[in-house]
There are 2 protein chains.
Amino acid sequence: MIVIPMLVYASAHSGTNVISAINVMPMPASVKVSAGKLRIYLPFTVGASGYSDRRLEKAVVRMQHRLRRRTGLTLPLGLAAVGTPPTLTVAVKEAGPAYPKFGEDESYSLEINTEHAALTAHTVAGALRGMETFSQLVTGDADGYYFPVVSINDRPRFPWRGLMIDVGRHFEPVDVIKRNIDAMAAVKMNVFHWHLSEDRGFRMESKKYPKLQGMGSGGEFYTQEQVRDVIDYAADRGVRVVPEFDMPGHTSSWMVGYPELASAPGPYELEVRWGVFDPTMDPTREETYQFLDAFIGEMAALFPDEYFHIGGDENNGKQWKENGQIQEFLRAHGYRTTAELQTYFNQRVLKILEKYGKKMVGWDEILMPELPKDAIVQSWRGYKSLDQSAREGYNAIWSTTYYLDHMGPAEYHYLSDPLPEDSKLTKEQASHIVGGEVCAWGEFLSPENIDSRIWPRTAAIAERFWSPREVNNVADMYRRLDVVSVWLEQDGLEHLSSTNRMLRQTSGTEDLGPLATLGKIASPEGVGTREQMNHHGTPSTQLVPLVKLTDAVVPDPPYRRQFAELVDDLLNDAPKFSLGSEELTKTFQQWRDMGPGFGALSAKAPVLSNGSGRVLELQKMGSAGLEALNYLRTGTAPSGSWKETQLELVKQAETPDVSLLRLPWLGSYRELILAAADVGSLRKMDRKEWKQRVLNEAAKLEPAQKYTW
Amino acid sequence: MIVIPMLVYASAHSGTNVISAINVMPMPASVKVSAGKLRIYLPFTVGASGYSDRRLEKAVVRMQHRLRRRTGLTLPLGLAAVGTPPTLTVAVKEAGPAYPKFGEDESYSLEINTEHAALTAHTVAGALRGMETFSQLVTGDADGYYFPVVSINDRPRFPWRGLMIDVGRHFEPVDVIKRNIDAMAAVKMNVFHWHLSEDRGFRMESKKYPKLQGMGSGGEFYTQEQVRDVIDYAADRGVRVVPEFDMPGHTSSWMVGYPELASAPGPYELEVRWGVFDPTMDPTREETYQFLDAFIGEMAALFPDEYFHIGGDENNGKQWKENGQIQEFLRAHGYRTTAELQTYFNQRVLKILEKYGKKMVGWDEILMPELPKDAIVQSWRGYKSLDQSAREGYNAIWSTTYYLDHMGPAEYHYLSDPLPEDSKLTKEQASHIVGGEVCAWGEFLSPENIDSRIWPRTAAIAERFWSPREVNNVADMYRRLDVVSVWLEQDGLEHLSSTNRMLRQTSGTEDLGPLATLGKIASPEGVGTREQMNHHGTPSTQLVPLVKLTDAVVPDPPYRRQFAELVDDLLNDAPKFSLGSEELTKTFQQWRDMGPGFGALSAKAPVLSNGSGRVLELQKMGSAGLEALNYLRTGTAPSGSWKETQLELVKQAETPDVSLLRLPWLGSYRELILAAADVGSLRKMDRKEWKQRVLNEAAKLEPAQKYTW
């Protein structure tokens, strides 16, 4: 575990001021919106001109089903017969690669006028991307549904736009994987990086080494048939599947069945704790490479993608240092560090990959002298390794700022860039930054809550990967994200429904009352804080059910922005303080009155009871919020230590507690407290000046956001 | 389509007055609850004594996973090693049938004291039922989780406790079927009746006649591998799978690929309309029976259950009457009616079933002179056919009052009994009533809303099938149903989450505002009303997306009871009228103010706009409700025509409109209006007398509930 103080995320008003006229995400490279509407009159037909195949046809039907479900209109399904002039013409020049390929042409153009729509693409992949744009453009008005008149020319900024899901720490069934692939395709992502093995689980069926899944998975693994099905499913949607088998570290699960792979004698057990562990493959024995040759050969035949991820991260070197034979090997080869020995191991693995026609991807630890130039380095430890890779001529992908388990807001991820404007790379070097990957590490992911950890934040990152760098207005991103987030539910994603369902399951009631409030306004602490807190109590392991309040609430809840807007409206409305005050009053009353309801629920469902401290703080903040509104409206400053008491309360609410619930709107709440405390100054100065003074004071008190992993 | 005025459903206070001390559904045959708690201290182990097998082990692990998710406790998984004294001992005498069998022993007893729990059963099937009871008993208090001390002896009242799902009219994917089987098992149902073919779709893969699914399903069918998987899944949970291939009518989908089966020349197309259609198998050609012999042989090998459902309903005889050759066949055999010809057909099919070792089940039209005594008659047209079957010595199952598509309340189904107390059958005859089946017909079912149509109402019917007839207190049923409904979500059922998700999908926003209110307080009109309304406008077909408001809202929403309770509290609190008035005020304000929000949403999502009439009525009823509260609290009777105006409004709101939204609490609302109009009388009489007077007047105005199918 590495703990790094991270970039402070930007305020809701950073980025350029471009507000888009359409609700599409990712924003296309070039959009011109004109007056006029292409009305959906039945039959609204789709026809192909030029190249067409089964993949295109299936995509057309999927699009038609989605449009049906959105509009309730009985749109015809399938491609219209040749000859009849269709409403939407899909013109594809050529097939493009049958299996999606790194760097393939994904560009398209979409011309919609009041009579007709035309989607043009070089390849089927481009048409798939264009159909996602087309689907997102559907709009309604009092006269019915329509598409706006637009002219769009679009192509991705980066060719590698990935999402990594760690199924090693917690297994995720095939349906979870599929619905996430659907969502990826909806926002034009094209690489599903499947992190298939970990100390805690080996999730892939090997027919050559059946003890891998047989003893290393607790029965939770994918059959080869399921994997083939997922690969086909993804390919249909223009998504590549890159498997990762992490080695030589993170391999406890391999060694349960095959202890001879390890650098220390067995037996080994499946690891259920979190963290980095010692078991590491023995790089000095030829048998290790014979095993890997057979295993990689088997996997290479299964996964059609040209890239193969070998992990390579977080080898702590302990087993190597403690093994006399390995130490002798180091001396014999003149290696001074275990890192050099890992380079040797990687070189051997690389030969195996090459034998089976695969190129290597690895975490940035693989960056080493003899790495071939067609390898790809996945940077997770900062820009240093990313830039170094690019300077040395390696293609590199950026993940450092896309770790979802920090539970940071979408805007933090959105504003970080694989190739920032101030990058020192030359143009040629910069061309080696080929994209990025969102990382969903699995310590606290269950099939029940994984969707809400990945989405909708990943849609914002998808825009970073696809759209021009200049598309970076945070307010506009959030406006569109709220819309796209809802559409992302269309193929089964549960990110908007899981919170209340999980709260129902633990509380045993449909009437959630204060739990529903908590589910809306709280977010989970990040992995670093969670692990720290866990070290103080019962250690958290793979076996602990993920059903606590912190597991149910979502990161970056829209409520943070809604509350900020209410406070902003209120302060702008000085000295009347009327705007937004009704809503805020209701909110604060709700908080103030949460206690009895929460108490009654948690008395019957003790799993909820660790939230009682936060709820008590909310009750107090509700009362104080009502007082603040009163001070503001009457223009009377509070007496005595009110301000200090309230600021102390905010500080307490900002401090992680056993609930692992974060209240992400505390900054706005503090503004309200400071405004109330300072309402007397309004008489002495302009209201804008006064507001700025309040905000400045609030900014000073804002704690630095740290993300850890 | 048959339209029959049905039993008026009973009020919420009918049935006996037994209020149960536990939240289990179905209520066990005998329960004794004592003081004391079996606390869940870790490790909370489960061990087997006596017979044990893989099916039992898997069920134990499923139970442990559920208990983990409810409690957040890291309960150990699997059976504890022999020797260590477990917390729960599961003692099974013998395996029982490997595949669940009609009439098998499902009894069990459960003894929980403060130290230990013991589940005893003759067979694994009984243990499965007992584990469902055990799971439902888990409870929490301030000190943690526990099981109450109970002594339970339990066995089913009826051996055939079924749910029929029609996948012919709309296809339902395997995951939908599986989660419904999970829910069935949770409430101890044991027959999944799979209605696999219809005019609108043939959903089963036949390898012998691949054009059945190839041309008759629109690509939506189950592979044999999937069916085998579902059968295993169900068997693991003690649920039998009985396939139905409806014949000789309801067979358009067969004839698309095999027109030679029909009694009139083809070609045939897949039917997309609702209703009863003409295409019927030709019972006079030997080729028909050769086809059926091969097909039934193939299916008989796939489905292990001893029963095979041949449908047999709703043959309109038209094709037979219009076919000269068939008419000649009638004359030659001396048949006077097409019903007699169908008897001949059934006899021939029966021979085929017997050849493959299957017994026949059919809709009550199969009741015919030469039906063998081991056939089962499924009564759907009333007690007449049920009783006749029993009198003639046939086993019979009851479905007439369990048609979910009427969208009636759970209590209506709950209080109807396969063998009512006043049945005229002798004891021997009564023994032929072997159970019942809930019927989920598919005209308006989609994978998105099917769960909410089936659940939780089916849990109440499951209690009717399992528990003693005397367990019939409606209030207690609803109290437990609300709890069980939440637990039913545990394996993926979407009945509590689908409404808001569907409303988000059509409105495009997470902030549902007035739509959320509508989603809570409205219910869908039944199939009869829906078809009538559709005849006035665009005909409803299989192709129309099921995404309207009426498709999203749920039948028998808890709100009906919640609102009734508020009004009841208020009237009981005469002449203060304080109890419940705060909540009612909030409610009525919400209704009054729905207009602008609903207008804004439907302006962008025209698919919602057919709800505007109902919303306008709700706005008016909100205003009038506030007026009523005011009249009551001030003791001032309204002037002039207020009462008539409001009653007229209620009547209008009771009348089906294009929205197909029903407001199932209008009866209680009318009570409120009548109370307000009559508040002056309170001075002249006792408040109980006054309330009764109001209720009497309201009862007179209550329209009779009709269910149609």
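These figures come from a predicted structure and were not determined experimentally. For every chain, the first residue of its written sequence is number 1, and the numbers climb from 1 along that sequence. To label them, take the chains in the order written and letter them from A, then take the ligands in the order written and number them from 1. A pLDDT threshold of at least 70 governs which residues receive local features in this predicted model, and a stricter bar of 80 or more applies before side-chain atom pairs are shown or counted, although totals over entire chains, interfaces and linings include all residues. In computing side-chain values, all of the structure's heavy atoms are included and hydrogens and water are not.

## A look at the overall build of chain A
Runs of E in the DSSP output that reach at least two residues are strands. Runs of H or I that reach at least four are helices, and both are numbered from the N terminus. Scanning chain A from N- to C-terminus turns up 27 helices and 19 strands. Note that the radius of gyration is over C-alpha atoms, with the globule rule given as 2.2 Å times the number of residues to the power 0.38. Here the C-alpha radius of gyration of chain A, 27 Å, is about what a compact globule of 709 residues would show, namely 27 Å. C-alpha extents for chain A along the principal axes are approximately 80 × 70 × 55 Å. The proportion of buried residues among the 709 residues of chain A is 64%. Working rule for contacts: check all heavy atoms of both residues, and any pair within 4.5 Å makes them a contact. By sequence separation, contacts in chain A at least 24 residues apart represent 77% of the contacts at least 6 residues apart. Method for areas: the Shrake-Rupley scheme with a 1.4 Å probe, in which residue coverage is limited to the protein chains shown. Carbon and sulfur atoms provide 53% of the accessible area of chain A, an area that totals close to 25800 Å². Each residue is assigned to one of three classes by its accessible area relative to the maximum for its type, calculated with a 1.4 Å probe on protein chains only: buried under 20%, partly exposed between the two thresholds, exposed over 50%.

## A word on the packing of aromatic side chains
Only centres within 6.5 Å qualify two rings of Phe, Tyr or Trp (six-membered ring in Trp) as a pair; their planes then separate them into stacked at under 30 degrees, edge-to-face at over 60, and tilted for everything else. Within the structure shown, the criterion is met by 76 aromatic pairs over all chains. Ring geometry for Y258(A) against F291(A): centres 5.2 Å apart, planes inclined by 65°, an arrangement best described as edge-to-face. Here Y258(A) is found in the loop between α6 (252-257) and α7 (286-302), whereas its partner F291(A) is found in helix α7, with 33 residues between them in sequence. Comparing Y258(A) with F291(A), the two get one shared label, buried. Between Y403(B) and W441(B), the aromatic rings sit 6.1 Å apart at their centres with planes inclined by 55°, giving tilted as the arrangement. Taken together, the residues span a long stretch of sequence, with Y403(B) in the loop between β16 (395-398) and α12 (410-415) and W441(B) in the loop between β17 (433-440) and α14 (450-454) at a distance of 38 residues. Given the relative accessible area of 2%, Y403(B) is considered buried. Overall, W441(B) belongs to the buried group, its relative accessible area being 10%. Chaining the aromatic ring pairs together yields one cluster made of F202(A), Y209(A), F245(A), W254(A), Y258(A), F291(A), F295(A) and F308(A). For a ring to carry a charge above it, either NZ of a lysine or CZ of an arginine must fall within 6 Å of the ring centroid while also lying within 35 degrees of the normal to the ring plane. One cation-aromatic arrangement involves K211(A) over Y258(A); the distance from NZ or CZ to the ring centre is 5.0 Å.

## Overview of the interface of chain A and chain B
Each partner contributes residues to the interface: chain A has 40 residues there, and chain B has 40 residues. Buried area between chain A and chain B, both sides added, is near 3300 Å², and the carbon and sulfur share of it is 50%. Salt-bridge detection follows one rule: a side-chain nitrogen of Lys or Arg within 4 Å of a carboxyl oxygen of Asp or Glu. Taken together, the connections running from chain A to chain B amount to four salt bridges. Ionic pairing is found between R504(A) and E489(B), a salt bridge with its closest N-O pair at 2.6 Å. Whenever a nitrogen or oxygen atom comes within 3.5 Å of another N or O atom, the pair is scored as a polar contact, on the condition that within protein one atom can donate a hydrogen and the other can accept it, and that pairs from neighbouring residues in sequence are kept only if both atoms are in side chains. The interface formed by chain A and chain B holds 16 residue pairs in polar contact (both at pLDDT 80 or more) in total. Among the secondary structure elements, those contributing two or more residues to the side of chain A that touches chain B are α1 (54-71), β6 (139-141), β7 (144-154), α16 (474-487), α17 (498-507) and α23 (594-604) of chain A. Any residue that is not Ala, Val, Leu, Ile, Met, Phe, Trp, Tyr, Cys, Pro, Asp, Glu, Lys or Arg is counted as polar, Gly included; the first ten are nonpolar and the last four charged. Residues of the side of chain A that touches chain B, tallied by class, amount to 16 nonpolar, 12 polar and 12 charged. Here the buried area means the combined drop in accessible surface, using a 1.4 Å probe, for two parts upon being joined, counting both sides.

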